[in-house]
Amino acid sequence: HTALLMGQFLFALISLFLGYAKKVSYSSLPQYSQQLLILSIVVGVVSYIAANRLFAKKLEQIKADYKPLSEKFNDYRAVSLTRWALIEFASLFSIILFLTTNYYLILVVAVVLIFLFYSTRPTLQKIASDMGVSEMEIEQMKGIPGSDEV
């Protein structure tokens, strides 16, 4: 999660620097900046909602399965990565639109999406709550091969 977050953050910073270095308010697509801002917002909202709905649906399936905790944890990791990928897609899409237009409001959308991505970070308490197990059970799994933290 941290590596994905830092990738988005650094890409946004580099894009901001490149946008500032251009010293042009709206570069090649001034007539489409407002439409691209709306597109960025729509893609962000749809991706975030879809990611959370998919996560909730898959989480219910994980809880209902009669698998060992280590397998459930691996399934949880996979669904978390899918959730993060959908949110990261929207964030990177917004950053690319900013690079194309140099319209700073699109970068604001990307920053909001990065903060939303950060809010999904895995913590011991959140994982235990999501999976319906105790924090102690998750702590005990740390010694099991293939059960590194999410």
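Computed from a prediction, not measured in an experiment: that's the story for all the values here.

Draft legend 1. Broad picture of the overall build of the chain. Within the chain, the secondary structure is distributed over six helices and zero strands. Along the chain, from the amino end to the carboxyl end, the secondary structure elements read α-α-α-α-α-α. When burial is assessed residue by residue, the chain has 34% of its 150 residues classed as buried. Total accessible area on the chain stands at roughly 8600 Å², and carbon and sulfur atoms take up 68% of it.

Draft legend 2. Spotlight on the environment of valine 108. Within the element layout of this structure, valine 108 appears in helix 4 (residues 104–119). We classify valine 108 as partly exposed; its relative accessible area is 47%. Distance from valine 108 to isoleucine 41, taken between C-alpha atoms, is 10.0 Å for residues 67 residues apart in sequence.

Draft legend 3. Broad picture of the pattern of salt bridges. If you walk through the whole model with that rule in mind, you get two salt bridges. Residue aspartate 65 is joined to lysine 67 by a salt bridge in which the shortest nitrogen-to-oxygen separation is 3.8 Å. The exposure class of aspartate 65 is partly exposed, given its relative accessible area of 31%. Here lysine 67 falls in the partly exposed class, since its relative accessible area comes to 33%. Residues aspartate 75 and lysine 67 are paired through a salt bridge, measuring 2.8 Å at the closest nitrogen-oxygen approach. With relative accessibility at 26%, the residue aspartate 75 sits in the partly exposed group. One network of salt bridges, with partners in common, ties together Asp65, Lys67 and Asp75.

Draft legend 4. Geometry of the packing of helix 2 (residues 33–64) against helix 3 (residues 69–101). Put simply, helix 2 and helix 3 touch, their axes get as near as 9 Å, and they point 180° apart. In terms of axis orientation, helix 2 runs roughly antiparallel to helix 3. Of the residues in the contact of helix 2 with helix 3, the class split is 18 nonpolar, nine polar and five charged.

Draft legend 5. Spatial organisation of a nonpolar patch on the surface. Residues Met6, Phe9, Leu10, Leu13, Ile14, Leu16, Phe17, Leu18, Tyr20 and Tyr104 make up a contiguous nonpolar surface patch of roughly 970 Å² in combined accessible area. Ranked by residues supplied to the nonpolar patch, first place goes to helix 1 (residues 2–22) with nine residues. Structurally, tyrosine 20 is set in helix 1.

Draft legend 6. Structural view of the side chain of aspartate 130. Relative to the helices and strands, aspartate 130 resides in helix 5 (residues 124–131). No salt bridge is formed by the buried aspartate 130, whose closest oppositely charged neighbour, arginine 83, lies at an N-O distance of 5.2 Å. With near-sequence residues (within four places) excluded, aspartate 130 lies in contact with Phe55, Leu59, Lys63 and Tyr76.

Draft legend 7. How the structure looks around the confidence of the model for the chain. The predicted model of the chain averages 85 in pLDDT, with 87% of residues at 70 or higher. Averaged over each element, pLDDT in the chain is lowest for helix 6 (residues 135–141) (73) and highest for helix 4 (94). Scored below 50 in pLDDT, residues 144–150 shows 17 contacts in the model against residues more than four places distant or in partner chains.

Draft legend 8. Spatial organisation of the packing of helix 2 against helix 5. As a packed pair, helix 2 and helix 5 sit with axes 9 Å apart at the nearest point and diverge in direction by 70°. The angle between the axes of helix 2 and helix 5 places the two elements in the roughly perpendicular class. Across from Phe55, Leu59 and Lys63 in helix 2, the residues of helix 5 making contact are Ser129, Asp130 and Met131. Taken together, the residues that form the contact of helix 2 with helix 5 break down as three nonpolar, one polar and two charged.

Cut-offs and rules
Numbers given to residues run from 1 along each chain, matching the order in which its sequence is written. For a predicted model such as this one, the threshold for reporting local features is a pLDDT of at least 70, and the threshold for listing and counting side-chain atom pairs is 80 or more; totals across whole chains, interfaces and linings nevertheless cover every residue. As a rule here, side-chain values come from all non-hydrogen atoms in the structure, and water together with hydrogens is ignored. Labels follow the DSSP assignment, with helices taken as runs of H or I lasting at least four residues and strands as runs of E lasting at least two, numbered in each case from the N terminus. The buried label goes to any residue with under 20% of its type's maximum accessible area, the exposed label to any with over 50%, and the partly exposed label to all in between, with areas taken from a 1.4 Å probe on protein chains only. Only the protein chains shown count as cover for residues, with accessible areas throughout obtained via the Shrake-Rupley method and a probe of 1.4 Å. Note on definitions: salt bridges are taken to be side-chain nitrogens of Lys or Arg within 4 Å of carboxyl oxygens of Asp or Glu. Axis geometry follows a simple rule: fit a line to the C-alpha atoms, using only the stretch in contact for helices, then measure angles between N-to-C directions, giving values from 0 to 180 degrees. When an angle is under 35 degrees it counts as roughly parallel; over 145 it counts as roughly antiparallel; between 65 and 115 it counts as roughly perpendicular; any other value is oblique. When residues are grouped by polarity, Ala, Val, Leu, Ile, Met, Phe, Trp, Tyr, Cys and Pro land in nonpolar, Asp, Glu, Lys and Arg in charged, and all others, Gly among them, in polar. Residues enter a patch when their relative accessible area is above 30% and they make no salt bridge; the linking distance is 9 Å between like charges and 5 Å between nonpolar side chains (Val, Leu, Ile, Met, Phe, Trp, Tyr). Charge assignment in this entry is limited to Lys and Arg as positive and Asp and Glu as negative, and neither His nor the chain termini are counted. Note on definitions: a residue-residue contact is assigned when non-hydrogen atoms from the two residues lie within 4.5 Å. By definition, pLDDT measures how confident the predictor is in each residue, and it falls between 0 and 100.

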